[in-house]
Amino acid sequence: MATPTVLGVIDTYGIELIHPMREDRSLQQIGRKGLSNHRWIVGGKLCLLLNQWGLIVAWECATANVADKTFQWLIRQFEERMIVLSDTGFHAAEGDPTNLKLCQRGEWQDRLLVETVLSMLTLVSHFKKVMHRGWVYFQARLAFTMAAFNVLVQWHGLQPNAFGFVPLSIAEFSL
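We now turn to the structure provided with this report. From a predicted model like this one, the values you see are computed outputs, not experimental measurements. (Residues numbered from 1 in each chain as written. Predicted model: local features only at pLDDT ≥ 70, side-chain atom pairs only at ≥ 80, totals over all residues. Heavy atoms only, no water.)

Overview of the side chain of Q72
Within the secondary structure, Q72 sits in helix α1 (residues 72-76). Residue Q72 is classed as buried on the basis of its relative accessible area, which comes to 6%. There is a polar contact of 2.7 Å between the side chain of Q72 and the backbone oxygen of F90. In this structure, Q72 is in contact with F90, H91, A92, G95, D96, P97 and L100, ignoring residues within four places of it in sequence. (Helix = DSSP H or I, 4+ residues; strand = E, 2+ residues; numbered from the N terminus. Buried < 20%, exposed > 50% of the residue type's maximum accessible area, 1.4 Å probe, protein only. Polar contact = N/O pair within 3.5 Å; in protein donor to acceptor, adjacent residues only side chain to side chain. Contact = heavy atoms within 4.5 Å.)

Topic: the pattern of salt bridges
According to the stated counting rule, one finds one salt bridge in the structure shown. D68 is the partner of K45 in a salt bridge, and the nearest nitrogen-oxygen pair spans 3.2 Å. Here the residue K45 occupies a position in strand β3 (residues 39-51), and D68 occupies one in the loop between β4 (56-63) and α1, the gap between them amounting to 23 residues. (Salt bridge = Lys/Arg side-chain N within 4 Å of Asp/Glu carboxyl O.)

Considering helix α3 (residues 135-153)
The terminal C-alpha atoms of α3, which comprises 19 residues, lie 27 Å apart, in line with the 27 Å expected from a rise of 1.5 Å per residue. Here α3 has its buried residues at F138, L142, T145, M146, F149, N150 and V153. Buried positions in α3, seen along its axis, are confined to an arc of 130° and lie on one side of it. Across α3 from its buried face, at more than 90 degrees, point the exposed residues V136, Y137 and F144. Buried-residue contacts for α3 involve β1 (7-18), β3, β4 and α2 (112-123). (Expected span 1.5 Å × (residues − 1). Arc of directions from axis to C-beta.)

As for the state of the cysteines
Summed over all chains, the structure comprises zero disulfides. Unpaired in this structure, C61 has its nearest cysteine sulfur neighbour in C47, at a distance of 10 Å. The exposure class assigned to C61 is buried, which follows from its relative accessible area of 7%. As a non-bridged cysteine, C103 has C47 as the owner of its nearest cysteine sulfur, 15 Å distant. For C103, a relative accessible area of 3% corresponds to the buried category. (Disulfide = S-S within 2.5 Å.)

Considerations on the packing of aromatic side chains
This model, assessed by the stated rule, comprises one aromatic pair. Between the aromatic rings of W135 and F138, the centroid separation amounts to 5.0 Å while the plane-to-plane angle is 45°, which identifies the pairing as tilted. Pair noted here: W135 and F138 are both in helix α3, with a separation of three residues, about one helical turn. (Phe/Tyr/Trp six-rings, centres within 6.5 Å; stacked < 30°, edge-to-face > 60°.)

Some points on the environment of S36
Tracing the backbone through its elements, the reader meets S36 in strand β2 (residues 32-36). Residue S36 is classed as buried on the basis of its relative accessible area of 10%. With 78 residues separating them along the chain, S36 and V114 place their C-alpha atoms 15 Å apart. Filtering out sequence-adjacent residues up to four positions away, S36 remains in contact with G14, I41 and K128.

Digging into the pairing of strand β5 (residues 83-86)
It is a general feature of regular strands that their side chains alternate between the two faces of the sheet. When β1 meets β5, the two strands line up parallel, connected through three bridges. Opposite V9, over in β5, you have L85 as the bridge partner. Summarising the sheet, β5 and strand β6 (residues 100-102) pair through three bridges and their orientation is parallel. Considered in β6, the bridge of S86 is made with L102. (Pairing = 2+ DSSP bridges.)

Things to note about α2
Compared with the 16 Å implied by 1.5 Å per residue over 12 residues, the 17 Å span of α2 between its first and last C-alpha is a close match. Those residues of α2 that sit buried are L113, V114, V117, L118, M120 and L121. Along the axis of α2, the buried positions cluster into a sector of 155°, meaning they face one direction only. Packing partners of the buried residues in α2 comprise β1, β3 and α3.

Read these as geometric descriptors, not functional statements.
The structure is reproduced here in structure tokens:
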């Protein structure tokens, strides 16, 4: 995984394993029903912690029915090294990590970096719907994709343009 930077971003991403109408039809169902992007899915939830360049520093997955605040332990791992921006879903009544900065909608446009990364995972890695039937295989696919993403984004180096912006792209690797 990538090295942490002073500023980071965290967000979750729902991955559909089966259509919600097919829920509980099999005893071997691995995903659970939860909300993702204001719609019901049956599957898993991927949590990504990115550095300021859009590289994946850490990740974790769980079933889709878990709350975002469940992933606070991921933020706590970098308490002395990163300030982590997140949406309000990561707030916990029991208390938040000292390095967590909760952002209201429209605040801190730097958070849009995570949306760019998630868009690349969706379009290039075909990551919104997967067909795995075993949790271990699902986690293996996530691990491979996270490692591949970091390698492919840095393929030509992280070169800033004239404005100091470092564009991210893995489109040339799309099949």
